[in-house]
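# A structural walkthrough
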Amino acid sequence: MAGFVTGTLAGWPLADRLAFAGLTAALSVQEFGGSLSAPGWSEIGAWWRKVHSVAGQDPTALDRYAFLAGLVPEEEPGGGSPWPLRRAVPTIGFGRST
C-alpha cells in the first residue's frame, strides 16, 4: 500500500502507481518483518541495477518500470550492495531455540 500511496503523492499515472505498488510488495516479502522488510529507494535502486544487468534479457521486458529511470539512485552510496538489506532480526522467534 505504501508504494501506491508514494506514487499517488508523486502524481504518477495509475498504471505506474500500480506497478510500483507491486514492485515494492514483491521486494518486501523477500524478508521477514512488517515495516522492517519494506524496501527503501536504495533497495529499489539495487533491484533496478540488478535486473538491467541480466545478460540476454529482452530489452522491452522492463518497459513497465521505465518511469523509475530518473528516480532511483544511480549507485549505492559507498559502493555497497544493499539488496537484500537486513534492518533487524524478527522478534517472533524465527530460528531461535530456547
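Residues numbered from 1 in each chain as written. Predicted model: local features only at pLDDT ≥ 70, side-chain atom pairs only at ≥ 80, totals over all residues. Heavy atoms only, no water.

## As for the layout of surface pockets
Its boundaries defined by the atoms lining it, the largest pocket holds a volume of some 220 Å³. As for the largest pocket, its lining consists of 14 residues, of which Ala-2, Gly-3, Thr-24, Ala-38 and Pro-39 are closest to the centre. At the level of elements, helix H1 (2-9), helix H2 (14-28) and helix H3 (41-52) are the ones that each hand at least two residues to the lining of the largest pocket. At 5 residues, H2 tops the list of elements feeding residues into the lining of the largest pocket. For the lining of the largest pocket, a count of residues per class yields 9 nonpolar, 5 polar and no charged. (1 Å grid on protein atoms, 1.4 Å probe; cavity = no way out; pocket = protein on both sides within 12 Å on 5 of 7 lines; lining within 4 Å. Points joined across faces, edges and corners; volume = space filled by probe spheres on them. Helix = DSSP H or I, 4+ residues; strand = E, 2+ residues; numbered from the N terminus. Nonpolar A, V, L, I, M, F, W, Y, C, P; charged D, E, K, R; others polar.)

## Topic: the packing of H2 against H3
The geometry of H2 relative to H3 is characterised by a closest axis approach of 11 Å and an angle of 95° between their N-to-C directions. Here H2 is positioned roughly perpendicular relative to H3, judged by the angle of their axes. Every residue of H3 that contacts H2 at Phe-20, Leu-23, Thr-24 and Leu-27 is listed here: Trp-41, Ile-44 and Trp-47. Class assignment of the residues belonging to the contact of H2 with H3 gives a composition of 6 nonpolar, 1 polar and no charged. (Axes fitted to C-alpha atoms, helices over the stretch in contact; angles between N-to-C directions. Parallel < 35°, antiparallel > 145°, perpendicular 65-115°, else oblique. Contact = heavy atoms within 4.5 Å.)

## Digging into the side chain of Thr-24
As for its placement among the helices and strands, Thr-24 is situated in helix H2. Look past the residues within four positions of Thr-24 in its chain and what remains in contact with it is Gly-3, Pro-39 and Ile-44.

## Let's talk about the pattern of salt bridges
Counted under the stated rule, the structure contains 1 salt bridge. The salt bridge involving Asp-16 is made with Arg-64; its shortest N-O contact spans 2.0 Å. Taken together, the residues span a long stretch of sequence, with Asp-16 in helix H2 and Arg-64 in the segment after H3 at a distance of 48 residues. Given a relative accessible area of 36%, Arg-64 falls into the partly exposed group. (Salt bridge = Lys/Arg side-chain N within 4 Å of Asp/Glu carboxyl O. Buried < 20%, exposed > 50% of the residue type's maximum accessible area, 1.4 Å probe, protein only.)

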